[in-house]
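# Structural description and commentary
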Amino acid sequence: MRLRSALIALVLMSAPGAVLAETVEVRMLNRGTNGSVVFEPDYVEFAPGDTLQFRVGHRSHNAAFIEGMAPDGFEGFKGQIDEEIAVTLDRPGFYGIKCSPHLGMGMVTLVKVGEATAPDVFIDDALPARVRKRFGEIGAGAGLTRLAP
Ligand SMILES: [Cu+2]
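Residues numbered from 1 in each chain as written. Predicted model: local features only at pLDDT ≥ 70, side-chain atom pairs only at ≥ 80, totals over all residues. Heavy atoms only, no water.

Inclusion rule: UniProt positions are given in the numbering used here, feature names are shortened, and annotations may be inferred rather than shown by experiment.
Looking at an unreviewed UniProt entry, the protein carries the name Pseudoazurin, with the source organism given as Aureimonas pseudogalii. Under the heading Subcellular location (unreviewed entry), UniProt records this for the protein: "Periplasm".

### Quick notes on the coordination of the copper ion
Counted only if it meets this: Distances define the donors: N, O and S atoms within 2.8 Å of the metal qualify, as do those within 3.2 Å of Na, K or Ca. Water is excluded, so some sites may look unfinished. Only four donors with every angle between 85 and 135 degrees are called tetrahedral; only four or six donors with opposite donors over 155 degrees apart and all others between 65 and 115 are called square planar or octahedral, in that order; all others are irregular. Working definition: helices are DSSP H or I runs of at least four residues, strands are E runs of at least two. Numbering for both runs from the N terminus. Relative accessibility decides the category of a residue: with a 1.4 Å probe and only protein chains considered, values under 20% of the type maximum give buried, values over 50% give exposed, and everything between is partly exposed.
Coordination of the copper ion by the protein is provided by H61 (ND1), C99 (SG), H102 (ND1) and M107 (SD), with metal-donor distances spanning 2.0 to 2.7 Å. Each of the 4 donor atoms bound to the copper ion contributes to angles spanning 89 to 135°, and the resulting shape is irregular. Of note, the donors binding the copper ion are all from one chain and are spaced H-x37-C-x2-H-x4-M. You can see H61 sitting in the loop between β4 (50–56) and β5 (64–65) and its partner M107 sitting in the loop between β7 (93–98) and β8 (108–113), a full 46 residues away along the chain. This pair shows no difference in class: H61 is buried, exactly as M107 is.

### So, the pattern of salt bridges
Which entries qualify depends on this criterion: The term salt bridge refers to a side-chain nitrogen of Lys or Arg lying within 4 Å of a carboxyl oxygen of Asp or Glu.
Under the counting rule described, the total for this entry stands at 6 salt bridges. R134 is the partner of D42 in a salt bridge, and the nearest nitrogen-oxygen pair spans 2.5 Å. Of the two residues, D42 sits in the loop between β2 (35–40) and β3 (43–46) while R134 sits in helix α2 (residues 129–141), which places them 92 residues apart along the sequence. R134 shares its class with D42; the two are buried. In this structure, the salt-bridge partner of E84 is R55, at a minimum N-O distance of 3.2 Å. Of the two residues, E84 sits in the loop between β5 and β6 (86–89) while R55 sits in strand β4, which places them 29 residues apart along the sequence. Residues participating in the shared-partner salt-bridge network are D42, K133, R134 and E137.

As structure tokens, this is what we get:
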């Protein structure tokens, strides 16, 4: 039957390399395994087209991209406090994400999308010291020596 073989052909065509997009949950917490006022996990690696799903672990946090810490042309995002936003990242590269009210306390997470090397200038000197230190720790933990301060 023609329709059936057309359907099979469609399935076969989409099967090889058809990796289903992944969703990674990142929780916003007052206390986590890496200290207080944190995103968990604080480092995520995934493929272009995958999605970050932010979850409220504890209240009074949000998720927003840090200006300048994303691939060129990225349109950015900013969740409201206690908003469980989902963000799909298509562009390969590194993304720095903050909790707006707790940036000064170093509440950040780092995402690597696709094949990418950390840019030479990624951690802005204008960021609070605790944030720069935190990104350095995350980078060191992930083996991204170029992110170390
Ligand atoms: Cu917060």
